[in-house]
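As a plain string of letters, each chain reads:
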Amino acid sequence: MNTKRFILPENEIPREWYNIQADMVNKPLPPIHPATRQPLKAEDLYPIFCKACADQELNRSDRFIPIPDEVLEKYSYYRCTPLVRAYGLEKALDTPAHIYFKNESVNPLGSHKLNSAIAQAYYAKQEGVTNLTTETGAGQWGAAMSYACKIFGIEAAVYMVKISYEQKPYRRSIMQTFGAQVTPSPSMSTKAGRKILTENPMHQGSLGTAISEAVELAMNTPGCKYVLGSVLNHVCLHQTVIGLEAEKQMEMAGEYPDTVIACFGGGSNFCGLAMPFMRHKILEGRKTRFIAAEPASCPKLTKGVFGYDFGDEAGYTPLLAMFTLGHTFRPANIHAGGLRYHGSGSIVAQLLRDGLMEAVDIKQNDSFKAGVLFAQTEGIIPAPESCHAIAATINEALRCKEAGESKTILFNLSGHGLVDMSAYNSYLAGDLVDAAVPDADIARYLKESGITE
Ligand SMILES: *Cc1c(COP(=O)(O)O)cnc(C)c1O
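Predicted, not measured: the structure shown is a model, and the values here were computed from it. Along each chain, residue indices are assigned from 1 in the same order as the chain's sequence is written. Given that the model is predicted, a residue must reach a pLDDT of at least 70 before its local features are reported, and side-chain atom pairs must reach 80 or more before they are shown or counted; all residues, however, enter totals for whole chains, interfaces and linings. Calculated side-chain values reflect all of the structure's heavy atoms, with hydrogen atoms and water omitted.

(A) Structural context of the site of the ligand. Near the ligand you find 18 residues, and of these Lys-113, Ser-230, Gly-265, Ser-268 and Asn-269 are the closest. N or O atoms within 3.5 Å of each other form a polar contact, as long as, within protein, one can give a hydrogen and the other can take it, and as long as residues adjacent in sequence are counted only when both atoms are side-chain atoms. Measuring from an oxygen atom of the ligand, one finds a side-chain N or O atom of Ser-230 at 2.5 Å. Here an oxygen atom of the ligand sits 2.6 Å away from a polar atom, N or O, in the main chain of Gly-265. Each residue gets one of three labels, nonpolar for Ala, Val, Leu, Ile, Met, Phe, Trp, Tyr, Cys and Pro, charged for Asp, Glu, Lys and Arg, and polar for the others, Gly among them. Tallied by class, residues from the shell around the ligand come to four nonpolar, 12 polar and two charged. Residue proximity to a molecule or strand is established when one non-hydrogen atom of the residue lies within 4 Å of it.

Here it is as structure tokens:
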């Protein structure tokens, strides 16, 4: 029986990240200044972001960017991550498709977010930054950042959306274990927070309030910079270690994926797995399909429009080219917290416009149903976010079965769900609703955000 499950090259961590911007025929549109509408230069981003990250954000010329030795050393604590053939899932589906997944849940923090957190903390240290601040919704990014800051000797201040702070006490404890200062947002510690609380003392917080507070702290504190865990080009760049490893591992398995799938919040784990394979589509005309799986309750790729929009609810950030539902969009409070973001990054936005990738939307109950089948057949409880990729994979595998096609599917297991069991509880109890957004609501948000007339 040929059932080699794990493909794990030893000590083969890529030495460089892959920058798809260099190979894109139509480049992603640059961020622009909201008032002047002029394209931003890297220097314009220096007051808030680390210089190295700002430079990477706008780098369209270097196809490969070296991974610094100290980052490689920290990666070596948990990389390479396994590429796994999902024999159990294949059997349960009775599909001729070959299903592989890249397991990004096997690091100390349990999600892919650590790949960029380590890089960003390293650059901050190099540039003499003493404090980093960020926001976190469900808590995975805050947890990864807290650990990365600790190992590089940087103080971390995390603004956590108040409702998550109260509902997800374990992620808060994880951040505090790594020594981060965690503040529920909105808080009285910033001007933005005080204003929100004065107007509405019961405000439950949102990513928008948390970003506003973190950015304000970074702007007003010497030696402090702001970091973000998704959406931006440099974050997607750092995540390409996933796809570069997977490329080698697929080769070791003697296969090449016909379809590459990942869940989609702001795009970092999708880009991380997909871009190294996308380069063969762009440069060599490979026919690979790329599918981003987003929640039906936050469908920016399938129902949003392309345009310039703010990255945050308060409108503090530069304008970014994206598929968006409008920065004022309020998604339903679904359990896949990491996917509740109104826009896509500009690389993905361009690739989607150019027809190089596709998107599907997945209902909440379908995502958990897929996650439970995966758990029961592969023994790993997936993060609620990752369940969307699994649901899309299952749909593809069943389509292959119907068509009698033996395709090779590769998906990203972006994280495990062991700190999200309350979400599974709700699903198992039958308490979850499938909130799709009415088209009229999307039209209203887009208008309110100034995207459409
Ligand atoms: C944050 C998160 C996501 C969504 O973020 P992307 O930038 O779209 O990848 C997906 N899966 C997990 C496990 C996450 O923590």
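(B) Quick look at the sheet that holds strand S8 (residues 181-185). Reading across the sheet, the four strands line up as S8-S7-S6-S9 and stay open at both edges, with parallel pairing between neighbours. At either margin of the open sheet sits one strand with a lone partner, and together these are S8 and strand S9 (224-226). Taking each pair of neighbouring strands and ignoring which way they run, the sheet shows an average axis angle of 25°. One bridge is not enough; two strands pair if DSSP finds at least two bridges between them. Only DSSP runs of H or I covering at least 4 residues are called helices, and only runs of E covering at least 2 are called strands; the numbering of each starts at the N terminus. Across three bridges, the pairing between strand S6 (residues 131-136) and S9 is parallel. Paired with Leu-132 across the strands is Lys-225, a residue of S9. Here, two residues are considered to be in contact whenever any of their heavy atoms come within 4.5 Å of each other. Axes here mean lines fitted to C-alpha atoms, for a helix over just the part in contact, with angles spanning 0 to 180 degrees between N-to-C directions. The strands that helix H10 (residues 207-220) touches are S6, strand S7 (155-161), S8 and S9; relative to S6, the one it contacts most, it runs at about 170°.

(C) Looking closely at the packing of aromatic side chains. What counts as a ring pair is set by centres within 6.5 Å for rings of Phe, Tyr and Trp (its six-membered ring), and what kind of pair is set by the plane angle: stacked under 30 degrees, edge-to-face over 60, tilted for all other angles. Applying the stated rule across the entire model yields 15 aromatic pairs. Seen in terms of ring centroids, Phe-264 and Phe-270 are 6.0 Å apart; in terms of plane orientation they differ by 65°. Their pairing is edge-to-face. As far as the burial class goes, Phe-264 and Phe-270 line up, both buried. Consider the rings of Phe-374 and Phe-411, whose centres lie 5.9 Å apart with planes at 75°: the pair is edge-to-face. With a gap of 37 residues between them, Phe-374 in helix H16 (residues 364-378) and Phe-411 in strand S15 (residues 408-413) connect regions that are remote in the sequence. Taken together, the ring pairs in this structure connect Phe-101, Phe-374 and Phe-411 into an aromatic cluster. Lysine NZ or arginine CZ positioned within 6 Å of the ring centre and within 35 degrees of the ring normal marks a charge as sitting over the ring. One cation-aromatic arrangement involves Lys-74 over Phe-152; the distance from NZ or CZ to the ring centre is 5.8 Å. Sitting over the face of the ring of Tyr-445, Arg-444 holds its NZ or CZ atom 4.9 Å from the ring centroid. A simple rule labels every residue: compare its accessible area, found with a 1.4 Å probe on the protein chains alone, to the largest value its type can have, and call it buried under 20%, exposed over 50%, or partly exposed in between.

(D) Here's a closer look at empty space enclosed by the protein. Both site types are read off a 1 Å grid over the protein atoms alone. A 1.4 Å probe that fits but cannot get out defines a cavity, while an open set with protein on both sides within 12 Å along at least five of seven lines defines a pocket; lining residues have an atom within 4 Å of a point. Grid points are joined across faces, edges and corners, and a volume is the space filled by probe spheres set on the points. Across all of its chains, the model carries three cavities of 30 Å³ or more by this definition. Estimated volume of the largest cavity: approximately 90 Å³. Every residue lining the largest cavity is counted, 17 residues in all, and those nearest its centre are Ser-297, Ile-334, Ile-362, Lys-363 and Gln-364. For the lining of the largest cavity, the secondary structure elements donating two or more residues are H16 and helix H17 (384-403).

Purely geometric numbers; function is a separate question.
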